[in-house]
Amino acid sequence: MTSSTDRSAPLVVRTPHELRRALADAGRTALVPTMGALHGGHQSLMRIARERADTVVVSIFVNPLQFGPNEDFDRYPRDLEGDTARCAQEGVDVVFAPETETMYPAGRPMVTIEAGEMGERLEGTSRPGHFTGVLTVVGKLFHLVRPDLAVFGEKDAQQIALIRRMVADLDFPVEIVGAPILRDPDGLASSSRNVYLSAAERTAALALSRSLEAARSAAGRGAAAARTAAAAVLEEAAGGEPPVEPDYLALIDPSTFAEVADDHRGDAVLALAARVGTTRLIDNTSIRF
Ligand code: AMP
C-alpha cells in the first residue's frame, strides 16, 4: 500500500469486492467512517488514523437507516470529488463509497443491531431508531473493512459511547479511538450540516458553544450550577432572532447517558441539541466535578 508520506489520490472503491482487492496487503488498517461532505473535523480523524496504521480507509456513505422520515436524508450534502481531495490531503489510501443498493441490496435489513436503553436517551428520544441505523451500518462496515482500529469523533458523544459498548458487548475485534471536537474559529463545532445555516442563523448558533463554555465556567460551584448556567444561555438565545429552539440540554454520566445528580462528583458530559431554522445541531463538552 502507499506509505504515510505519499499524498497521491486515494483509490476510490464502490463495492465490497473492490474493497477486498484494495486491502489485500493492507497491514494494520484504520477505518474512519463518515457520511461525506468532509470538513476539518473529519480530517482530524484521518490524521489520527494515519499516525496509527499502515493503511487508512475512509468510508463515505449517507446511511438511510439512521435518518428519520422527516429528516434531511435527501438534502444531505454530497460531494465525492471534494471529499476525495480532502482525503488525498491527509494521505488516505482507500475511499470506500458504496451505493445504497450495495449496502442494502434487499432494502432495509431484517436483522439490525439495537442500541438498547442507552440508545433511547437524548438523541435517541429525538431521533427514534437513529442509533439502530448507526450501529447496524458501523457493524457492516467493520465486517467489510475488517479494521484493526476505527476513529470516531467526540462531537457525537452518544454515538461513540454506543459504538464502544457494541464493540465490548458483541466482541468486535477492533480498537475504538476517540478524536476531540474540532471547532471553527468562532467556536461552532464543525459539521457537515453547518452549510445549511444562513449568516444570521450561524451567529445565533454560537449560543450552543457559549452555553457549554458558561457551564464549564460555573463547574467549580457544582453540577447544578453548571446546568443552570448553560440553560440560561440557551434560554436567552431561544428569545433571539432567529431563535435557537432547544431540543435537550442534559448533564449526563458518560457511561450510561443518564442525568447526573445535582451533587455529582467525577466525570460528566454536558450534551445539547437545538434547532436553528431548519437545521438541527448538537454539541457537548466533558466536565469534571
Ligand atoms: P459524519 O460524517 O457527520 O457522520 O461524521 C463522521 C465522523 O466524524 C464521526 O465520528 C463524527 O463524530 C466525526 N466528526 C464530525 N464532526 C466532527 C468535529 N467537529 N470534530 C470531531 N469529529 C467530528
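For the structure, see preceding data.
Residues numbered from 1 in each chain as written. Predicted model: local features only at pLDDT ≥ 70, side-chain atom pairs only at ≥ 80, totals over all residues. Heavy atoms only, no water.

(A) Layout of the sheet that holds strand β6 (residues 175-179). The strand order across the open sheet formed by 6 strands is β1-β4-β3-β2-β5-β6, and the pairing between neighbours is parallel. What marks the edges here is a single partner per strand, and that holds for β1 (11-13) and β6. Neighbour to neighbour, the strand axes of the sheet diverge by 25 degrees on average, direction disregarded. Pairing of strand β3 (residues 55-60) with strand β4 (residues 94-96) involves 3 bridges; the strand directions are parallel. Following the sheet pairing, Val-57 is matched in β4 by Val-94. Along the sheet face, helix α6 (residues 130-145) touches β2 (29-34), β3, β4, β5 (149-153) and β6 and points at about 150 degrees away from the line of β2. (Pairing = 2+ DSSP bridges. Helix = DSSP H or I, 4+ residues; strand = E, 2+ residues; numbered from the N terminus. Axes fitted to C-alpha atoms, helices over the stretch in contact; angles between N-to-C directions. Contact = heavy atoms within 4.5 Å.)

(B) Quick look at helix α8 (residues 199-218). If you check α8, its first and last C-alpha atoms are 30 Å apart, about what 20 residues at 1.5 Å a residue would give, namely 28 Å. When the local axis directions of α8 are compared, the greatest deviation, roughly 25 degrees, occurs at Ser-209. Those residues of α8 that are buried lie in contact with α9 (223-238), β7 (244-252), β8 (267-276) and β9 (279-288). (Expected span 1.5 Å × (residues − 1). Bend = angle between axes of the 7 residues up to and from the residue.)

(C) Quick peek at the site of the ligand. Taken together, 17 residues lie around the ligand, and His-42, Gly-153, Asp-156, Leu-182 and Ser-190 are the ones closest in. At a separation of 2.6 Å, an oxygen atom of the ligand approaches a polar side-chain atom of Asp-156. Here the ligand loses 93% of its free accessible area of 480 Å² to cover by the protein chains. Contributions of two or more residues to the shell around the ligand are made by β2, α2 (40-52) and β5. Among the elements that take part in the shell around the ligand, α2 stands out by supplying 3 residues, more than any other. Its residues assigned to classes, the shell around the ligand comprises 8 nonpolar, 7 polar and 2 charged. (Near = heavy atom within 4 Å. Polar contact = N/O pair within 3.5 Å; in protein donor to acceptor, adjacent residues only side chain to side chain. Areas by Shrake-Rupley, 256 points an atom, 1.4 Å probe, with all protein chains shown as cover. Nonpolar A, V, L, I, M, F, W, Y, C, P; charged D, E, K, R; others polar.)

(D) Structural context of the packing of α6 against helix α7 (residues 157-169). Running from amino to carboxyl end, α6 crosses α7 at an angle of 55 degrees, the nearest separation of the two axes being 11 Å. When the axes of α6 and α7 are compared, the pair comes out oblique. Relative to α7, the crossing made by α6 is right-handed. Residues Phe-131, Val-134, Leu-135, Val-138, Gly-139 and Phe-142 of α6 touch α7, and the partners they reach there are Gln-158, Gln-159, Leu-162, Ile-163, Met-166 and Val-167. Of the residues assigned to the contact of α6 with α7, the class counts are 9 nonpolar, 3 polar and no charged. (Parallel < 35°, antiparallel > 145°, perpendicular 65-115°, else oblique. Left-handed = near helix turned anticlockwise from the far one by under 90°.)

(E) Expanded view of the nonpolar core. Counting 43 residues, the largest nonpolar core has Leu-19, Val-57, Val-138, Phe-142, Phe-152, Ile-163 and Ile-176 as its most contacted members. Of all the secondary structure elements, the ones that give two or more residues to this core are α1 (16-22), β4, α6, β5, α7, β7 and β8. Here the element with the most residues in this core is α6; it accounts for 8 residues. When residues of this core are assigned to domains, at least three fall in each of domain 1 (11-179) and domain 2 (192-288). Filtering out sequence-adjacent residues up to four positions away, Phe-152 remains in contact with Pro-33, Leu-45, Val-138, Phe-142, Gln-159, Ile-160, Ile-163, Ile-176, Val-177, Gly-178 and Ala-179. Counting 26 residues, the second-largest nonpolar core is a separate cluster that includes Ala-204, Leu-206, Ala-207 and Ala-230. (Core = buried A, V, L, I, M, F, W, Y, C linked by side-chain atoms within 4.5 Å. Buried < 20%, exposed > 50% of the residue type's maximum accessible area, 1.4 Å probe, protein only. Domains from an automatic or database assignment.)

Nothing here speaks to function; it is geometry throughout.
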